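Chain by chain, the residues run as shown.
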Amino acid sequence: MSIKLTPIDSVDNISKEDFVNNYLNPRKPLIIRKATETWPALQKWTFEYLKEVVGDKTVPLYNSSKADPSKAINASASEMKFGDYIDLIQKQPTDLRIFLFDPIKHAPKLLDDYRSPSDLMGGFLDKYPNMFFGGAGSVTFLHYDIDLAHIFHTHFNGRKHVILFDQKWTERLYCIPFATYALEDYDIENPDFTKFPALDGIEGQEAILEHGDTLFMPTGYWHWMKYLTGSFSISLRAWDKSWAIKAQSLYNLTIQRKFDNMMKARFKKGYMDWKENLAIKRAHNALATGKP
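Below is a summary of the structure that appears in this document. (Residues numbered from 1 in each chain as written. Predicted model: local features only at pLDDT ≥ 70, side-chain atom pairs only at ≥ 80, totals over all residues. Heavy atoms only, no water.)

### Structural notes on unusual backbone geometry
- In this chain, Lys291 is followed by Pro292 through a cis amide linkage whose omega measures 0°.
- As for its placement among the helices and strands, Pro292 is situated in the segment after helix H5 (243–288).
- The phi angle at Leu148 is positive, at roughly 60°, despite the residue not being glycine.
- Locating Leu148 in the fold gives a position in the loop between strand S8 (139–143) and strand S9 (150–156).
- Of note in the backbone geometry, Tyr174 takes a positive phi value of approximately 65° without being a glycine.
- Assignment of secondary structure puts Tyr174 in the loop between strand S10 (160–165) and strand S11 (203–209). (Helix = DSSP H or I, 4+ residues; strand = E, 2+ residues; numbered from the N terminus.)

### Points about the nonpolar core
- With 41 residues, the main nonpolar core has Phe19, Trp45, Leu50, Phe82 and Phe133 as its most contacted residues.
- Counting 30 residues, the second-largest nonpolar core is a separate cluster that includes Ile3, Tyr144, Leu148 and Ala198. (Core = buried A, V, L, I, M, F, W, Y, C linked by side-chain atoms within 4.5 Å. Buried < 20%, exposed > 50% of the residue type's maximum accessible area, 1.4 Å probe, protein only.)

### A look at the sheet that holds S10
- If you walk across this open sheet you meet the five strands as S1-S11-S10-S13-S8, and the pairing is mixed. Looking along the sheet, the strands with just one partner apiece sit at the ends: strand S1 (4–7) and S8. Here the average twist between neighbouring strands, direction ignored, is 20°.
- In this sheet, S11 lies alongside S1 in parallel orientation, the contact comprising four bridges. Paired with Lys4 across the strands is Glu203, a residue of S11. (Pairing = 2+ DSSP bridges. Axes fitted to C-alpha atoms, helices over the stretch in contact; angles between N-to-C directions.)

### Some points on helix H1 (residues 16–24)
- Listed in full, the buried residues belonging to H1 are Phe19, Val20, Tyr23 and Leu24. One side of H1 holds all its buried residues, which, seen down the axis, span an arc of 115°.
- Lining the buried residues of H1 we find strand S3 (30–32), S9 and strand S12 (214–217). (Arc of directions from axis to C-beta. Contact = heavy atoms within 4.5 Å.)

### Brief notes about the pattern of salt bridges
- What the rule picks out here adds up to 14 salt bridges.
- Here Arg237 ties to Asp145 by a salt bridge, and the two come within 2.7 Å at their closest N and O atoms. One end of the pair, Arg237, is in strand S14 (residues 231–238); the other, Asp145, is in the loop between S8 and S9, and 92 residues separate them in sequence. Like Arg237, the residue Asp145 is buried in the burial classification.
- Measuring nitrogen to oxygen at the nearest pair gives 2.7 Å for the salt bridge that ties Lys269 to Asp273. Separated by four residues within a single helix, Lys269 and Asp273 lie in helix H5, roughly one turn from each other.
- By relative accessible area, Lys269 is classed as exposed at 54%.
- Linked by salt bridges that have partners in common, Glu48, Lys51 and Asp87 make up one network. (Salt bridge = Lys/Arg side-chain N within 4 Å of Asp/Glu carboxyl O.)

### Quick notes on the sheet that holds S12
- Across the sheet, seven strands lie side by side as S2-S3-S12-S9-S14-S7-S6; this open sheet has mixed pairing. Edge strands, defined here as strands with exactly one partner in the open sheet, are strand S2 (10–11) and strand S6 (97–101).
- When S6 meets strand S7 (residues 130–134), the two strands line up antiparallel, connected through three bridges. Residue pairing in the sheet places Phe101 in a bridge with Met131 of S7.
- Each of S3, S9 and S12 touches H1; the most contacted strand, S12, lies at about 50° to it.

### Brief notes about the environment of Asp240
- Structurally, Asp240 is set in the loop between S14 and H5.
- Exposure remark for Asp240: the relative accessible area of 7% places this residue in the buried category.
- Each C-alpha atom of the pair Asp240 and Gly230 lies 32 Å from the other, and the pair is 10 residues apart in sequence.
- Filtering out sequence-adjacent residues up to four positions away, Asp240 remains in contact with Arg27, His150, Thr219, Ile245 and Lys246.
- A distance of 2.8 Å separates a polar atom in the side chain of Asp240 from a polar atom in the side chain of His150.
- Engagement of the side chain of Asp240 in a polar contact is seen with the backbone nitrogen of Ser242, the distance being 2.8 Å. (Polar contact = N/O pair within 3.5 Å; in protein donor to acceptor, adjacent residues only side chain to side chain.)

Dropping the structure here:
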């Protein structure tokens, strides 16, 4: 019994024509090793430099604990000065992560240090990226992004293990209803197939991201990430051309998220237990009927 993982395609550079025809249109992941070779950030964005420009800001921190059913999915576990957190992840392993941090809001000069890959595609949402920081051993739980954007995810100052799954495996991954994340009771690196039989035989892709590597994740791709060393990443986002996907994104961000948060606040554990049981039922039904 196993999850079947194959390497994510990797190139040093790629032309727009090849990218569009072989990765963007078929929605296939790709690692571009030298996409950032002209970025000042490639050498400039050290831990010490980021501490210098935004180190005094207090940031929310997230851990690997299972989500509190009474809180929104992005509720933080604690907070810390950014500079103190950077010191922590350089010294020792920790499961604490910084999620969706925007240091550029506090230090606009950072805008000059990176480039959106507009030579490959259009549709980038805005000039403000999302940044993510993690200590060695910290894990980003299995999910897909609620806004359904294409993502160009570049890693800095360390190594990160990435596992991806196509949307077709959503039910078999035990997707939580009215959400875009999976049941948090299994370890995707070493799942218990007796408890979670629907995971057996699913197919995904994996890679180790190194400093400067850019991962293209097409819209809706499930991703799980583990920081192998204290390090950080930046994500640049672009719309898919499909109006159906844009409409689904709007629904996810408004109706679905508000409904889910309301139900969590009102019914707490009872609602979450119902959702988890439904996720299990759907996964086992998908397995029994041969999906996908």
